[in-house]
2 protein chains.
Amino acid sequence: MATKISPLAPAAFPDLPVIGGVRFASAAAGVRYKGRTDVMLAVLENATVAGTFTRSATRSAPVRDCQSKMAQDEGGPAAFVINSGNSNAFTGRVGEEAVAGICAAAAQALGLPEGRVFTSSTGVIGEPLPWERIAEALPSLRDALDAGGIEAAARAIMTTDTFPKGASAEVRLPGGTVRIAGIAKGSGMIAPDMATMLVYVFTDARIGRAELQDMVSAVTDRTFNRITVDSDTSTSDTLLMAATGASGVDVGGEPAFAAALERVFLDLALQVVRDGEGATKLVEVRVTGAASEADAHRVGMAIANSPLVKTAIAGEDANWGRIVMAVGKSGAEADRDRLAIRFGDITVARDGFRAPDYSEEAASAYMKRQELVIGVDLGIGDGAATVWTCDLTHGYIDINADYRS
Amino acid sequence: MATKISPLAPAAFPDLPVIGGVRFASAAAGVRYKGRTDVMLAVLENATVAGTFTRSATRSAPVRDCQSKMAQDEGGPAAFVINSGNSNAFTGRVGEEAVAGICAAAAQALGLPEGRVFTSSTGVIGEPLPWERIAEALPSLRDALDAGGIEAAARAIMTTDTFPKGASAEVRLPGGTVRIAGIAKGSGMIAPDMATMLVYVFTDARIGRAELQDMVSAVTDRTFNRITVDSDTSTSDTLLMAATGASGVDVGGEPAFAAALERVFLDLALQVVRDGEGATKLVEVRVTGAASEADAHRVGMAIANSPLVKTAIAGEDANWGRIVMAVGKSGAEADRDRLAIRFGDITVARDGFRAPDYSEEAASAYMKRQELVIGVDLGIGDGAATVWTCDLTHGYIDINADYRS
């Protein structure tokens, strides 16, 4: 695949701070791809681990394994072993054996309990994972561990991604400064509820497991669960977060830490949308005035997932009638005569009718931008939600009609 | 628009039988298009009328008007006045006045009560309908009424359709023979629950209004509500059915009549999928073994609406992993280890794993067909449902990124 880098990509991979207590390594294990890295290892000296996962009924063996380990996690040294090229999904009992094989090899190479090894796999569904290749790479991965290896790790987990994704934050608290650094992969199948996305976030903050999990779940709901590329949902979505405590700073009950975490999650989530397969425009859909937040989310996702809305955006067509259509089909409470629609600052429709001062010319000029904001006010209540999507272009068809991802 | 005829189109418009008690006329009223007809009139000497409509919360003024008239229908002479080019949706009070204007003009021209004039409009959303042009055309439409005008009527209601759609059936009953003839338009926004589709079905059978409505609702659920092109739902979907009784044959309680009606509905529904925007393949998704019929329908629609499944089909890629993904995201009860997937007669996966005798070559050869059957057995219960869709191609993007429909 000689895929061009998304036109919406950031200029460069960001400088991520070193997180005390975490080291990374990457390798080319030959899972499926040739001539590139496809396995990353992150080793945590001592950490609290939390996570969120796909809700798919056909979720993969590694997801199920992480979920069961997460439920009984008690802290201590840990490792994340992630591969690209093969998702180990719909591989039956053979898939469970592959996960067990990788965990056993990592536990042995690193001197950890198997229960503290968390794995993810991303790539083709339904083919047996050649897990021995990953197991055999583990001793040399251990020997190559490096606190500065996070960018290479971000590259090793890419599949159809056109750029590696990273984000970070520093939070100054009375007790000292804590750092957050995260990496992600994902470019298609990004909705609802996370979808083909792998996300690994590390912090040197000190925080209890239950509080970390609550924070991660809440922040995921407002970030990764509010983005969509094509409405499809992966069998492998995984977000793992590790807090090493190496800074010695306790962040329990600190809203500034939760806010910084949300910025990091949202930055990574928007990078995933920016790398949406074939995307040429980043679209923010702001829904207000809904009967409830759930209704606002529903309307936002109906708009963000509508092929007719997404193709109109690709064609730079200010086709607001398709927004009306999507509101109507969403299932949310709506009243035609109270609906207002804006493209950026341009009021297109209001009180159930085209705005009297609507200028097709101004709206068309706005649609030529690379980043768009669509505002929808339902005029009914106080429910609000913002979701993000991209346009639907020939590039999406190119990538997905010909590539066995 | 110089759109090529869909490769899935029937060879020709079928010969439809004349239905006693119905006459048709078409005209070029200049609603939006140039150089083609855009209004059809059907006049019923005396008829029972039933219908089904979009569930959109932003449904159009003509849909709301039909629904309110349908609720108090008492039979007698009636007329259908349908235009293409403008859907009169999201046009506020002006839209209601347009419907009233057309109904008044038709009532006057035809000597009918306004409550027996049913209108539909299809085309661009959010622009005021120039209804006076339709009203002015009504006297000459009345003068041109012809029992054989049904094919021209089918052409007048087309928007992005690449071919006119018609279907018919004859049913021999102990009391005599009855005929059914129907026409439809639709090519995108076809799900769930009918979507941009206008359907008009006529029969010379005699049947009571309540029974006709029950039959139409039940048959719509198994036909028009089981097709999808792009998961989007129109604000204008309308199916109107008129029974003139001109044959003198009572069909109340006759299962043969209901079965024939279902064949006509299904034929028209599949023609709509065959004309799906950019479609090159017709896909039947047969779901069995679900916990309930609702679950089977849910799984079928998740597969039929998945952009990743539909692009894989466009690329003739036997990517069954994407079927697994769609089952998983559907929300239906599923057990990975009981799932079986077939492409035609080829068992691809069974018991949660790739079939031992699976041949990628055979599956790839099958995918080259123009008409495909995907079988999914959930292995849980007796729920079954069949839905129909088409592939997602560059043609869909071409049509929808550049055309203000």
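Residues numbered from 1 in each chain as written. Chains lettered and ligands numbered in written order. Predicted model: local features only at pLDDT ≥ 70, side-chain atom pairs only at ≥ 80, totals over all residues. Heavy atoms only, no water.

1. Brief notes about the overall build of chain A
Counted only if it meets this: Counting from the N terminus, the helices are the DSSP runs of H or I reaching at least four residues and the strands are the DSSP runs of E reaching at least two. We compute the radius of gyration from the C-alpha atoms alone; for a globule the expected value is 2.2 Å times N to the 0.38, where N is the number of residues. The cut-offs for exposure are 20% and 50% of the maximum accessible area for each residue type, with area from a 1.4 Å probe on protein chains only; residues under the lower value are buried, those over the upper are exposed, and the others partly exposed. Pairs of residues are marked as contacts when any of their non-hydrogen atoms sit within 4.5 Å. The positive count covers Lys and Arg only, the negative count covers Asp and Glu only, and His and the chain ends enter neither. The atoms used to mark charge sites are NZ of Lys, CZ of Arg, CG of Asp and CD of Glu.
A count of helical and extended segments in chain A gives 11 helices and 15 strands. Its C-alpha atoms give chain A a radius of gyration of 22 Å, near enough to 22 Å, the size a compact globule of 405 residues would have. With respect to the three principal axes, the spread of C-alpha positions in chain A is 70 × 55 × 35 Å. Classification of the 405 residues of chain A by burial places 63% in the buried group. Taking the intrachain contacts of chain A between residues at least 6 apart in sequence as the baseline, contacts between residues at least 24 apart amount to 81%. When the 38 positive and 50 negative side-chain charges of chain A are each reduced to one mean point, those points stand 2 Å apart.

2. Examining the environment of P14 of chain B
Residue and element names in this part refer to chain B. When you line up the elements, P14 lands in the segment before β1 (22-27). The exposure class assigned to P14 is partly exposed, which follows from its relative accessible area of 31%. Spatially, the C-alpha atom of P14 lies 8.2 Å from that of S168, the residues being 154 residues apart in sequence. Other than its neighbours up to four places away in sequence, P14 contacts G166 and A167.

3. Focus: the relation of the copies chain A and chain B
Convention followed: Fitting of the copies onto one another was done by least squares over C-alpha atoms, counting residues only where both copies have pLDDT of at least 70.
Mapping chain A onto chain B is achieved by rotating through 180 degrees and translating by 0.0 Å along the same axis, at an RMSD of 0.0 Å. Those values place the two copies in the arrangement expected of a two-fold rotation axis. Of every C-alpha in chain A, the one belonging to H394 of chain A sits nearest the axis of rotation, 2.9 Å from it. Of the residues that chain A buries at the interface, 98% are likewise interface residues in chain B, meaning the two copies contact each other through the same surface.

4. Let's talk about the UniProt feature "binding site: substrate" (unreviewed entry) in chain A
Basically, it comes down to this: UniProt positions are given in the numbering used here, feature names are shortened, and annotations may be inferred rather than shown by experiment. Polar contacts, as used here, are pairs of N or O atoms within 3.5 Å; protein pairs need one atom able to donate a hydrogen and one able to accept it. Residues neighboring in sequence count only if both atoms are side-chain atoms.
In the numbering used here, UniProt assigns the feature "binding site: substrate" (unreviewed entry) to T159, K185, T196, E277, N400 and S405 of chain A. By the element assignment, K185 of chain A lies in strand β7 (residues 176-185). Here the side chain of K185 of chain A touches T122 of chain A through a polar contact of 3.1 Å, side chain to side chain. As for its position among the elements, N400 of chain A is in helix α11 (residues 394-402). When residues no more than four places from it in sequence are discounted, the contact partners of N400 of chain A are E277 of chain A together with L308, T311, A312 and R322 of chain B.

5. Some words on the interface of chain A and chain B
Spelled out, the test is: Two parts lose some accessible area (1.4 Å probe) when they are put together, and adding that loss for both gives the buried area. For this analysis, a salt bridge means a side-chain nitrogen from Lys or Arg found within 4 Å of a carboxyl oxygen belonging to Asp or Glu.
The interface is formed by 60 residues belonging to chain A together with 59 residues belonging to chain B. Taken together, both faces of the contact between chain A and chain B bury some 5100 Å²; the carbon and sulfur share is 58%. In this structure, the connection of chain A to chain B is made through 2 salt bridges. E96 of chain A serves as the salt-bridge partner of R336 of chain B, at 2.7 Å between the closest nitrogen and oxygen.

6. Let's talk about the pairing of strand β7 (residues 176-185) of chain B
Residues and elements named next belong to chain B. The condition is simple: We call two strands paired when DSSP finds no fewer than two bridges between them.
Among the 10 residues of β7, 7 are classified as buried, and the element is accordingly described as predominantly covered. Where strand β6 (residues 165-173) and β7 come together, 9 bridges link them in antiparallel fashion. Note that in β7 the partner of V171 across the bridge is V178. Here β6 folds back onto β7 in antiparallel fashion, the turn holding 2 residues.

7. What about the environment of G252 of chain A?
Residues and elements named next belong to chain A. Mapping G252 onto the fold places it in the loop between β9 (238-243) and α6 (255-274). Residue classification places G252 among the partly exposed positions, given a relative accessible area of 32%. Distance from G252 to I207, taken between C-alpha atoms, is 5.5 Å for residues 45 residues apart in sequence. In this view, G252 contacts R206 and E211; residues no more than four positions away in its chain are not counted.

8. Some words on the sheet that holds strand β14 (residues 371-377) of chain A
Residue and element names in this part refer to chain A. Spelled out, the test is: Whenever a helix is involved, its axis is fitted only over the stretch in contact; in every case the axis is a line through C-alpha atoms, and angles between N-to-C directions fall within 0 to 180 degrees.
Pairing within the open sheet is mixed, and its 6 strands lie in the order β13-β12-β11-β14-β10-β15. What marks the edges here is a single partner per strand, and that holds for β13 (353-354) and β15 (383-390). For strand β10 (residues 282-290) and β15, the ladder comprises 7 bridges, and the chain directions are antiparallel. Its bridge partner lying in β15, V283 is registered against T389. Sheet strands in contact with α6 are β10, β14 and β15, and its direction is about 45 degrees off that of β15. Running at roughly 20 degrees to β15, helix α7 (residues 293-305) makes contact with β10, β14 and β15 of the sheet.

9. Considerations on the sheet that holds β9 of chain A
All names here are of chain A. Strand order in the open sheet formed by 5 strands is β3-β9-β8-β7-β6, and the pairing between neighbours is mixed. The open sheet terminates on both sides in strands that have one partner only, identified here as β3 (48-53) and β6 (165-173). Averaged over all neighbouring strand pairs, the angle between strand axes comes to 15 degrees, with direction disregarded. When β7 meets strand β8 (residues 198-203), the two strands line up antiparallel, connected through 6 bridges.

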